[in-house]
Amino acid sequence: MDLIVAGNRDDLAKARGTGTVALVPTMGALHDGHRSLIRAARARADQVVVSIFVNPLQFAPNEDFSRYPRTFDADLEVCRAEGADVVFAPSAVDMYRPDRQVSVCSGEMGTIVEGASRPGHFDGVLTVVLKLFNLVHPDLAIFGQKDAQQLAVIRRMVADLDLPIEIVGAPTVREPDGLALSSRNRYLSAGERTVALALSRALRAGAAELTPSAIRATARAVLDAAGPELDLDYLALVDPATFKEVGDSYAGSAVLAVAARVGTTRLIDNVVLSLRP
Ligand code: AMP
(Lines give C-alpha, C1' and ligand atoms only; values in the text may rest on other atoms or scores of the structure.)
Protein backbone atom coordinates (compact mmCIF):
# COMPACT_ATOMS: atom_id res chain seq x y z
CA MET A 1 0.00 0.00 0.00
CA ASP A 2 1.26 3.47 -0.77
CA LEU A 3 2.27 5.86 1.98
CA ILE A 4 -0.57 8.03 3.29
CA VAL A 5 0.46 11.59 4.10
CA ALA A 6 -1.88 13.14 6.67
CA GLY A 7 -1.41 16.87 7.03
CA ASN A 8 -3.99 17.36 9.75
CA ARG A 9 -5.84 15.45 12.45
CA ASP A 10 -8.90 14.71 10.26
CA ASP A 11 -6.79 13.03 7.57
CA LEU A 12 -4.96 11.13 10.30
CA ALA A 13 -8.25 9.82 11.71
CA LYS A 14 -9.25 8.61 8.22
CA ALA A 15 -5.95 6.73 7.85
CA ARG A 16 -6.50 4.70 11.01
CA GLY A 17 -6.23 0.93 10.41
CA THR A 18 -7.64 -1.99 12.37
CA GLY A 19 -4.55 -3.78 13.77
CA THR A 20 -1.80 -2.72 16.15
CA VAL A 21 -0.23 0.69 15.64
CA ALA A 22 3.37 1.76 16.27
CA LEU A 23 4.21 5.47 16.41
CA VAL A 24 7.64 6.94 15.63
CA PRO A 25 7.68 10.63 16.63
CA THR A 26 10.29 12.74 14.79
CA MET A 27 11.08 16.30 13.87
CA GLY A 28 12.01 15.31 10.32
CA ALA A 29 15.39 15.77 8.60
CA LEU A 30 15.39 11.98 8.77
CA HIS A 31 18.66 10.04 8.88
CA ASP A 32 19.70 6.43 9.48
CA GLY A 33 18.91 6.74 13.21
CA HIS A 34 15.28 7.53 12.35
CA ARG A 35 15.32 4.71 9.79
CA SER A 36 16.26 2.23 12.50
CA LEU A 37 13.29 3.40 14.59
CA ILE A 38 10.91 2.98 11.65
CA ARG A 39 12.30 -0.52 11.02
CA ALA A 40 11.83 -1.43 14.70
CA ALA A 41 8.23 -0.17 14.44
CA ARG A 42 7.66 -2.14 11.23
CA ALA A 43 8.80 -5.34 12.96
CA ARG A 44 6.38 -4.83 15.86
CA ALA A 45 3.05 -3.58 14.56
CA ASP A 46 0.51 -3.83 11.73
CA GLN A 47 0.49 -0.11 11.04
CA VAL A 48 3.49 2.24 11.32
CA VAL A 49 2.81 5.96 11.79
CA VAL A 50 5.75 8.38 11.57
CA SER A 51 5.03 11.88 12.83
CA ILE A 52 7.07 14.77 11.45
CA PHE A 53 6.60 17.92 13.46
CA VAL A 54 9.15 20.51 14.54
CA ASN A 55 7.57 21.27 17.88
CA PRO A 56 7.88 24.97 18.74
CA LEU A 57 7.08 24.25 22.40
CA GLN A 58 10.35 22.42 23.00
CA PHE A 59 12.61 25.19 21.68
CA ALA A 60 13.61 28.18 23.80
CA PRO A 61 13.58 31.60 22.08
CA ASN A 62 17.40 31.52 21.76
CA GLU A 63 17.46 28.04 20.17
CA ASP A 64 17.44 26.85 16.56
CA PHE A 65 13.70 26.42 15.87
CA SER A 66 13.65 28.67 12.80
CA ARG A 67 16.81 27.22 11.27
CA TYR A 68 16.08 23.59 12.21
CA PRO A 69 16.54 21.56 8.98
CA ARG A 70 13.32 20.83 7.11
CA THR A 71 13.64 18.22 4.33
CA PHE A 72 10.06 17.04 3.92
CA ASP A 73 10.23 15.48 0.44
CA ALA A 74 13.36 13.49 1.29
CA ASP A 75 11.73 12.47 4.59
CA LEU A 76 8.73 11.02 2.71
CA GLU A 77 11.11 8.95 0.61
CA VAL A 78 12.77 7.60 3.77
CA CYS A 79 9.38 6.69 5.25
CA ARG A 80 8.30 5.02 2.01
CA ALA A 81 11.57 3.07 1.70
CA GLU A 82 11.30 1.80 5.28
CA GLY A 83 7.72 0.66 4.82
CA ALA A 84 5.88 3.22 6.97
CA ASP A 85 2.12 3.34 6.35
CA VAL A 86 1.28 6.88 7.44
CA VAL A 87 3.20 10.13 7.82
CA PHE A 88 1.45 12.55 10.14
CA ALA A 89 2.82 16.03 9.45
CA PRO A 90 0.56 18.62 11.06
CA SER A 91 1.14 22.35 11.01
CA ALA A 92 1.76 24.17 14.30
CA VAL A 93 -1.65 25.82 13.89
CA ASP A 94 -3.27 22.41 13.59
CA MET A 95 -1.46 21.09 16.66
CA TYR A 96 -1.89 24.00 19.05
CA ARG A 97 -5.08 25.92 19.71
CA PRO A 98 -4.33 29.64 19.94
CA ASP A 99 -5.99 29.78 23.36
CA ARG A 100 -4.36 26.64 24.76
CA GLN A 101 -3.57 26.70 28.47
CA VAL A 102 -2.91 23.18 29.72
CA SER A 103 0.40 21.40 29.25
CA VAL A 104 2.36 18.52 30.77
CA CYS A 105 4.83 19.22 33.57
CA SER A 106 7.87 16.95 33.50
CA GLY A 107 8.58 17.42 37.22
CA GLU A 108 12.02 17.49 38.82
CA MET A 109 13.35 15.11 36.18
CA GLY A 110 12.73 17.74 33.57
CA THR A 111 14.78 20.37 35.40
CA ILE A 112 18.09 18.52 35.82
CA VAL A 113 20.98 17.64 33.46
CA GLU A 114 19.63 18.43 29.94
CA GLY A 115 16.61 20.10 31.55
CA ALA A 116 18.86 22.48 33.50
CA SER A 117 20.41 23.67 30.22
CA ARG A 118 17.08 23.82 28.41
CA PRO A 119 14.40 25.07 30.84
CA GLY A 120 10.92 24.08 29.67
CA HIS A 121 12.26 21.73 27.01
CA PHE A 122 10.93 18.51 28.50
CA ASP A 123 7.54 20.06 29.30
CA GLY A 124 7.32 20.92 25.59
CA VAL A 125 8.41 17.41 24.60
CA LEU A 126 5.92 15.69 26.90
CA THR A 127 3.08 17.96 25.84
CA VAL A 128 3.55 17.18 22.15
CA VAL A 129 4.17 13.47 22.79
CA LEU A 130 0.99 13.17 24.85
CA LYS A 131 -0.95 14.98 22.11
CA LEU A 132 0.53 12.64 19.48
CA PHE A 133 -0.43 9.64 21.61
CA ASN A 134 -4.00 10.94 21.85
CA LEU A 135 -4.21 11.66 18.13
CA VAL A 136 -2.56 8.47 16.84
CA HIS A 137 -3.75 5.98 19.52
CA PRO A 138 -0.61 3.83 19.21
CA ASP A 139 -0.16 0.51 20.98
CA LEU A 140 3.55 1.24 21.15
CA ALA A 141 5.88 4.14 20.47
CA ILE A 142 9.57 4.00 19.62
CA PHE A 143 12.16 6.50 20.85
CA GLY A 144 15.94 6.63 20.43
CA GLN A 145 18.36 6.07 23.28
CA LYS A 146 20.29 8.97 21.69
CA ASP A 147 17.94 11.27 23.62
CA ALA A 148 18.28 9.27 26.84
CA GLN A 149 16.65 11.77 29.18
CA GLN A 150 13.76 12.27 26.76
CA LEU A 151 13.21 8.50 26.75
CA ALA A 152 13.34 8.50 30.56
CA VAL A 153 10.83 11.34 31.03
CA ILE A 154 8.49 9.74 28.49
CA ARG A 155 8.65 6.43 30.35
CA ARG A 156 7.90 8.36 33.54
CA MET A 157 4.91 10.14 31.97
CA VAL A 158 3.50 6.82 30.74
CA ALA A 159 3.87 5.33 34.25
CA ASP A 160 2.68 8.36 36.21
CA LEU A 161 -0.33 9.07 33.95
CA ASP A 162 -1.25 5.41 33.32
CA LEU A 163 -0.99 5.68 29.55
CA PRO A 164 -1.76 2.32 27.89
CA ILE A 165 1.22 2.51 25.53
CA GLU A 166 4.37 0.41 25.42
CA ILE A 167 7.52 2.52 25.13
CA VAL A 168 10.37 0.92 23.17
CA GLY A 169 13.90 2.34 23.35
CA ALA A 170 16.10 1.88 20.27
CA PRO A 171 19.93 1.93 20.28
CA THR A 172 21.87 4.97 19.05
CA VAL A 173 22.99 4.74 15.43
CA ARG A 174 26.49 6.14 14.83
CA GLU A 175 28.75 7.03 11.92
CA PRO A 176 31.63 4.56 11.49
CA ASP A 177 33.93 7.00 13.34
CA GLY A 178 31.60 7.11 16.36
CA LEU A 179 29.69 10.38 15.82
CA ALA A 180 26.06 9.83 16.83
CA LEU A 181 23.75 10.61 13.94
CA SER A 182 21.78 13.81 14.47
CA SER A 183 19.76 16.12 12.27
CA ARG A 184 22.00 18.88 13.66
CA ASN A 185 25.23 17.27 12.35
CA ARG A 186 24.59 18.98 9.02
CA TYR A 187 25.34 22.33 10.70
CA LEU A 188 28.94 21.22 11.38
CA SER A 189 31.85 22.31 9.18
CA ALA A 190 34.49 19.65 8.42
CA GLY A 191 36.74 21.03 11.17
CA GLU A 192 33.90 21.19 13.69
CA ARG A 193 32.92 17.63 12.85
CA THR A 194 36.43 16.48 13.81
CA VAL A 195 36.16 18.35 17.12
CA ALA A 196 32.70 16.82 17.69
CA LEU A 197 34.20 13.33 17.64
CA ALA A 198 35.52 14.06 21.14
CA LEU A 199 32.01 13.46 22.52
CA SER A 200 31.78 9.80 21.51
CA ARG A 201 35.51 9.33 22.20
CA ALA A 202 35.03 10.62 25.76
CA LEU A 203 32.06 8.31 26.31
CA ARG A 204 34.01 5.29 25.08
CA ALA A 205 36.99 6.16 27.26
CA GLY A 206 34.76 6.68 30.31
CA ALA A 207 32.92 3.43 29.66
CA ALA A 208 36.20 1.52 29.91
CA GLU A 209 36.61 2.56 33.56
CA LEU A 210 35.03 0.77 36.51
CA THR A 211 34.07 3.33 39.17
CA PRO A 212 31.90 6.44 38.81
CA SER A 213 34.75 8.78 39.78
CA ALA A 214 37.16 7.18 37.29
CA ILE A 215 34.48 7.15 34.56
CA ARG A 216 33.82 10.87 35.06
CA ALA A 217 37.52 11.81 35.28
CA THR A 218 38.57 9.87 32.18
CA ALA A 219 35.70 11.14 30.05
CA ARG A 220 36.33 14.67 31.28
CA ALA A 221 40.04 14.47 30.35
CA VAL A 222 39.18 13.52 26.77
CA LEU A 223 36.73 16.44 26.50
CA ASP A 224 39.29 18.86 27.97
CA ALA A 225 41.90 17.63 25.47
CA ALA A 226 39.58 18.60 22.59
CA GLY A 227 40.51 22.23 23.22
CA PRO A 228 38.56 25.47 23.35
CA GLU A 229 36.51 24.76 20.21
CA LEU A 230 34.53 22.30 22.30
CA ASP A 231 32.40 24.21 24.79
CA LEU A 232 31.29 21.61 27.35
CA ASP A 233 27.79 22.06 28.73
CA TYR A 234 27.69 19.02 31.03
CA LEU A 235 29.12 15.58 31.59
CA ALA A 236 26.88 13.52 33.86
CA LEU A 237 26.81 9.95 35.12
CA VAL A 238 23.24 9.30 36.15
CA ASP A 239 20.66 6.71 37.10
CA PRO A 240 18.68 6.06 33.87
CA ALA A 241 15.34 6.04 35.70
CA THR A 242 15.77 9.37 37.55
CA PHE A 243 18.65 11.15 35.81
CA LYS A 244 20.16 11.90 39.23
CA GLU A 245 23.95 11.65 39.54
CA VAL A 246 25.15 8.30 40.90
CA GLY A 247 27.62 7.97 43.76
CA ASP A 248 30.65 5.69 44.02
CA SER A 249 28.67 2.96 45.81
CA TYR A 250 26.06 2.80 43.04
CA ALA A 251 25.55 -0.53 41.27
CA GLY A 252 23.41 -1.19 38.23
CA SER A 253 22.71 0.51 34.94
CA ALA A 254 23.95 4.09 34.50
CA VAL A 255 23.95 6.63 31.68
CA LEU A 256 27.07 8.63 30.91
CA ALA A 257 25.68 11.69 29.13
CA VAL A 258 27.41 14.63 27.52
CA ALA A 259 26.30 17.89 25.91
CA ALA A 260 28.61 20.38 24.26
CA ARG A 261 28.56 23.20 21.78
CA VAL A 262 30.87 22.99 18.78
CA GLY A 263 30.72 26.31 16.96
CA THR A 264 27.05 27.24 17.07
CA THR A 265 25.85 23.63 17.13
CA ARG A 266 24.76 21.99 20.36
CA LEU A 267 25.34 18.23 20.39
CA ILE A 268 24.34 15.53 22.88
CA ASP A 269 25.40 11.91 23.22
CA ASN A 270 25.39 9.15 25.83
CA VAL A 271 26.27 5.54 26.54
CA VAL A 272 24.62 3.08 28.91
CA LEU A 273 26.99 1.39 31.36
CA SER A 274 26.62 -1.40 33.86
CA LEU A 275 28.28 -0.58 37.18
CA ARG A 276 29.24 -3.39 39.55
CA PRO A 277 29.18 -3.03 43.32
P1 AMP B 1 14.36 13.98 16.43
O2 AMP B 1 13.86 14.00 15.02
O3 AMP B 1 15.76 14.44 16.59
O4 AMP B 1 13.39 14.60 17.42
O5 AMP B 1 14.41 12.45 16.84
C6 AMP B 1 13.31 11.61 16.65
C7 AMP B 1 13.60 10.27 17.27
O8 AMP B 1 14.76 9.71 16.66
C9 AMP B 1 13.91 10.38 18.77
O10 AMP B 1 13.32 9.28 19.44
C11 AMP B 1 15.41 10.30 18.81
O12 AMP B 1 15.92 9.78 20.02
C13 AMP B 1 15.68 9.34 17.66
N14 AMP B 1 17.07 9.48 17.18
C15 AMP B 1 17.72 10.63 16.87
N16 AMP B 1 19.00 10.36 16.53
C17 AMP B 1 19.15 9.02 16.66
C18 AMP B 1 20.26 8.11 16.47
N19 AMP B 1 21.46 8.55 16.09
N20 AMP B 1 20.05 6.80 16.69
C21 AMP B 1 18.83 6.34 17.09
N22 AMP B 1 17.75 7.13 17.28
C23 AMP B 1 17.92 8.44 17.07
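Reading guide: rules and limits
Along each chain, residues carry numbers from 1 onward, in the same order as the chain's sequence is written. At least 70 in pLDDT is required for a residue's local features to be given in this predicted model, at least 80 for side-chain atom pairs to be given and counted, and no such filter applies to totals for whole chains, interfaces and linings, which use all residues. The basis for every side-chain value is the complete set of non-hydrogen atoms in the structure, without hydrogens or water. Helix and strand assignments follow DSSP, with helices taken as H or I runs no shorter than four residues and strands as E runs no shorter than two, numbered in order from the N terminus. Every residue pair with non-hydrogen atoms within 4.5 Å of one another is taken to be in contact. Any residue with a heavy atom positioned within 4 Å of a molecule or strand is treated as near that molecule or strand. Distance and chemistry together define a polar contact, namely a pair of N or O atoms within 3.5 Å, with one atom able to donate a hydrogen and the other to accept it when in protein, and with adjacent residues in sequence counting only for side-chain atoms on both sides. Each accessible area is a Shrake-Rupley result for a 1.4 Å probe, and residues are judged covered by the shown protein chains and nothing else. Each residue's exposure class comes from its accessible area (1.4 Å probe, protein chains only) as a fraction of the maximum for that residue type: buried when under 20%, exposed when over 50%, partly exposed otherwise. An arc is given here, and it is the one of the directions from the helix axis to the C-beta atoms. Think of a salt bridge as a Lys or Arg side-chain nitrogen and an Asp or Glu carboxyl oxygen that are within 4 Å of each other. Using protein atoms alone on a 1 Å grid, points that fit a 1.4 Å probe yet trap it form a cavity, whereas open point sets bounded by protein on both sides within 12 Å along at least five of seven lines form a pocket; residues with an atom within 4 Å of a point count as lining. Grid points are joined across faces, edges and corners, and a volume is the space filled by probe spheres set on the points. Two strands form a pair only when DSSP identifies at least two bridges running between them. Every angle, taken between N-to-C directions, lies between 0 and 180 degrees, and every axis is a line fitted to C-alpha atoms, over only the stretch in contact when it is a helix.

A. Expanded view of the side chain of E82. Examined against the element boundaries, E82 turns out to sit in the loop between α3 (72-81) and β4 (86-88). Here E82 is in contact with R35, I38, R39 and R42, once residues within four sequence places are set aside.

B. A look at the site of the ligand. The full set close to the ligand counts 17 residues, and H34, G144, D147, V173 and L181 are the nearest of them. One nitrogen or oxygen atom from the side chain of D147 is found 2.7 Å from an oxygen atom belonging to the ligand. Within the backbone of L181, one N or O atom sits 2.9 Å away from a nitrogen atom of the ligand. In the complex, the protein chains occlude 93% of the 480 Å² of accessible area that the ligand would expose alone.

C. Spotlight on α3. Of the positions making up α3, those classed as buried are D75, L76, V78 and C79. Angularly, the buried residues of α3 cover 160° about the axis, an arc narrow enough to put them on a single face. Residues of α3 that are exposed and angled more than 90 degrees away from the buried face: D73 and A81. As for α3, its buried residues are in contact with β1 (4-6), α2 (32-42), β3 (47-52) and β4.

D. Local environment of the pattern of salt bridges. Under the defined criterion, the tally for this structure stands at 19 salt bridges. E82 serves as the salt-bridge partner of R35, at 2.8 Å between the closest nitrogen and oxygen. Highlighted residues: R35 in helix α2 and E82 in the loop between α3 and β4, separated in sequence by 47 residues. Look at R35 and you get partly exposed, because its relative accessible area is 23%. Residues R216 and E245 are paired through a salt bridge, measuring 2.8 Å at the closest nitrogen-oxygen approach. Of this pair, R216 sits in helix α9 (residues 212-225) while E245 is found in the loop between β7 (230-238) and β8 (252-262), placing the two residues 29 residues apart along the sequence.

E. Local environment of empty space enclosed by the protein. Tallied over the entire structure, the rule returns two cavities of 30 Å³ or more. Around the largest cavity sit K146, L179, A180, S182, N185, A196, L199, S200, L267, I268 and D269, which together line it. One number sums up the size of the second largest cavity: a volume of about 60 Å³. Every residue lining the second largest cavity is listed: L12, A15, R16, V21, Q47, V49, V86, L135 and V136.

F. Main features of the sheet that holds β1. Ordered in space as β1-β4-β3-β2-β5-β6, the six strands form an open sheet in which the pairing is parallel. A single partner strand is all that each edge strand has here, and the edge strands are β1 and β6 (166-170). Averaged over all neighbouring strand pairs, the angle between strand axes comes to 25°, with direction disregarded. Looking at chain direction, β1 and β4 are connected through three bridges and run parallel. The residue of β4 that forms the bridge with V5 is V87. Running at roughly 170° to β6, helix α7 (residues 148-160) makes contact with β5 (140-144) and β6 of the sheet.

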